Amino acid sequence: MGAGNATAAAKRHTVTAIVPSWITDIIASTECCVTQPRRVVIVWSPWVCFTFTFTLLQIRRWCQNCTMSASPSSVRTAFDRDGYVVLRGVIPESTMLPIEQMYTRLVDEKAEDWHRRGLVRDLGTGLPFNSRLAVLAAQLPEDKLSEVAQGLDIYESLVPELHALTLDAGLLDAVQGLIGPEITLSPIQHIRPHVGAGDRDQLHLWHCDMTVTVPEADGVEMITAWLPLVDVAKETGCMQFARGGHTLPELVNGHHLTPRPYEEAGGRTLPVIDTPMRRGDVVLFGGMTPHRGQHIHALDFVRWSVDVRFQRTGTPSGRPQWPSFVVRSATEPAKVDRSHSKWAARWRRALKTSPTFAHRTSGPIAATAGNNNNSAPESSTSKL
């Protein structure tokens, strides 16, 4: 074959192309620190094309599982644009596993109590953490379902493992990137065992977190950190966000949003984004960001999750009758008290004198999880 023919054959199997935006978006969507080329010229054969695409997918997989590596400025940019940011691998297993072990023991106690009272026959012994409570709950009579979450919330169990989570360095580093180094833990803090309902209806209402504070906190930049104790996907109740909805306060209507929360009155549509997450991941979002949990299709699945809120030290918490805790300070580090016993004692004193709180759109609500008040507390399993 002559040189000219060889050149012509080569041209039939190569192409010069601008890498399309969907390829750069593979990396951009991971919120990772990998540099994202916007205009790349490549000459490739079909084999090079395959190898290049495979490599990109591997990079995406790596990005989704790496420890939080995005720069603080990129996290801030994503947060301001979208109202939330998902960070991968923030919480180490050395922090997560003790929480699972402690709550496994608490579920043991519930199972034994229900068995003694004749409410369940199958104790579910040996079932995984992400299913046992659901199997137990399925055996309870309807009028006892309020007991599923009862006694489990952070301010009820007051276990040291959850106190340690609120002081986790990786978590606080992530929050510091948004509000700076003077960080206070809000009294709005929960652990939620959300039990699957199969084909039964589950009520998941769009809402913004600032509506569960009193008005004195309006204008405070309050950051919610939501983290699953088990891996979650769309089918197992992962969080869903109306991206950019925090810029449209007219969407907020009392405690919840309008029936079509992702539609602006002016006609612009906001994308609704699912956020599948693995244990150790954290999603940070603002107090005016519309969000909700999703329907759990499996009857034997429990979406265990923790949500805690942080704010700049010295700003109103929105629940002044309950305690706030300085968890990081660059200027006055002595204000950070890492004592679990003192943390628990402050909660006990506060709940003794102020056992209820009031959402701004519902009346007083008892602090006990799982009550039958029509305006159920945040810790109710029927909510996020």
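In this text the structure is predicted, and so the values were computed from the model without any measurement.

So, the overall build of the chain
Right, so step 1: Along the chain, the regular secondary structure elements total 10 helices and 15 strands.
Right, so step 2: For the chain, the proportion of contacts with a sequence separation of at least 24, taken over those separated by at least 6, is 80%.
Right, so step 3: When the accessible surface of the chain is summed, it comes to about 18,000 Å², and 56% of that surface belongs to carbon and sulfur atoms.

Digging into the packing of aromatic side chains
The relative placement of two aromatic rings is captured by the distance of their centres and the angle of their planes.
Right, so step 1: Inspection of the entire model under this criterion finds eight aromatic pairs.
Right, so step 2: Ring geometry for Phe 129 versus Trp 304: centroids 4.8 Å apart, planes at 15°, classification stacked. Placement of Phe 129 in the loop between α5 (93–116) and α6 (132–137) and of Trp 304 in strand β12 (residues 302–312) is noted, with a sequence separation of 175 residues between them. Here Phe 129 and Trp 304 have matching classes, each one buried.
Right, so step 3: Consider the rings of Phe 325 and Trp 343, whose centres lie 6.5 Å apart with planes at 50°: the pair is tilted. With Phe 325 in strand β13 (residues 325–328) and Trp 343 in helix α10 (residues 340–353), this pair connects stretches of sequence that are 18 residues apart.
Right, so step 4: Of the residues examined, Phe 325 reaches a relative accessible area of 9% and is grouped as buried.
Right, so step 5: Clustering of aromatic rings is evident, with ring pairs tying together Tyr 84, Phe 241 and Phe 285.
Right, so step 6: Lying across the ring of Phe 325, Arg 346 places its NZ or CZ 4.6 Å from the centre.

Comments concerning the nonpolar core
Right, so step 1: Counting 74 residues, the largest nonpolar core has Tyr 103, Leu 284, Trp 304 and Phe 310 as its most contacted members.
Right, so step 2: In terms of residue count, α5 provides more of this core than any other element does, eight residues in total.
Right, so step 3: Not counting chain neighbours up to four residues away, the residues in contact with Leu 284 comprise Phe 79, Gly 83, Tyr 84, Val 85, Leu 87, Ala 174, Val 175, Leu 178, Ile 223, Thr 224 and Ala 225.
Right, so step 4: Listed in part, the six residues of the second largest apolar core include Val 212, Ala 217, Val 220 and Met 222.

Section: the pairing of strand β5 (residues 223–228)
Right, so step 1: For β5, the tally of buried residues reaches six of six residues, placing the bulk of the element in the interior.
Right, so step 2: Neither face of β5 is exposed, since Ile 223, Ala 225 and Leu 227 on one face and Thr 224, Trp 226 and Pro 228 on the opposite face are all buried.
Right, so step 3: In this sheet, strand β10 (residues 282–286) lies alongside β5 in antiparallel orientation, the contact comprising four bridges. When the bridges of β10 are listed, Ile 223 appears paired with Gly 286.

Some remarks on the sheet that holds β13
Paired through their backbone hydrogen bonds, the strands of a sheet run either parallel or antiparallel.
Right, so step 1: Spatial strand order, β3-β10-β5-β12-β4-β13: six strands in an open sheet with antiparallel pairing. Unpaired on one side and paired on the other, β3 (84–87) and β13 mark the two borders of the sheet. Neighbouring strand axes in the sheet, compared pairwise and without regard to direction, differ in orientation by 30° on average.
Right, so step 2: Two strands pair when backbone bridges link them, and β5 and β12 are joined in this way by six bridges, in the antiparallel orientation. Each bridged residue has a counterpart across the sheet, and for Ile 223 the counterpart in β12 is Phe 310.
Right, so step 3: In this fold helix α9 (residues 169–179) packs onto β3, β4 (183–195), β5, β10, β12 and β13, with an angle of close to 50° to the strand it touches most, β12.

Comments concerning the environment of Leu 127
Right, so step 1: With respect to the secondary-structure elements, Leu 127 resides in the loop between α5 and α6.
Right, so step 2: Residues contacting Leu 127, with those up to four places away along its chain left out, are Arg 132 and Val 135.

Observations regarding the confidence of the model for the chain
Right, so step 1: Chain-level pLDDT for the chain is 78 on average; 68% of the residues reach the 70-or-more range.
Right, so step 2: A low-confidence stretch, residues 3–42 (pLDDT under 50), is modelled with 53 contacts involving residues beyond four sequence positions or located in other chains.
Right, so step 3: Note that pLDDT drops below 50 for residues 363–384; the model gives that stretch 67 contacts with residues more than four away or on any other chain.

Cut-off values and rules
- Residues numbered from 1 in each chain as written.
- Predicted model: local features only at pLDDT ≥ 70, side-chain atom pairs only at ≥ 80, totals over all residues.
- Heavy atoms only, no water.
- Helix = DSSP H or I, 4+ residues; strand = E, 2+ residues; numbered from the N terminus.
- Contact = heavy atoms within 4.5 Å.
- Areas by Shrake-Rupley, 256 points an atom, 1.4 Å probe, with all protein chains shown as cover.
- Phe/Tyr/Trp six-rings, centres within 6.5 Å; stacked < 30°, edge-to-face > 60°.
- Buried < 20%, exposed > 50% of the residue type's maximum accessible area, 1.4 Å probe, protein only.
- Lys NZ or Arg CZ within 6 Å of the ring centre and 35° of its normal.
- Core = buried A, V, L, I, M, F, W, Y, C linked by side-chain atoms within 4.5 Å.
- Pairing = 2+ DSSP bridges.
- Axes fitted to C-alpha atoms, helices over the stretch in contact; angles between N-to-C directions.
- pLDDT = per-residue confidence, 0-100.

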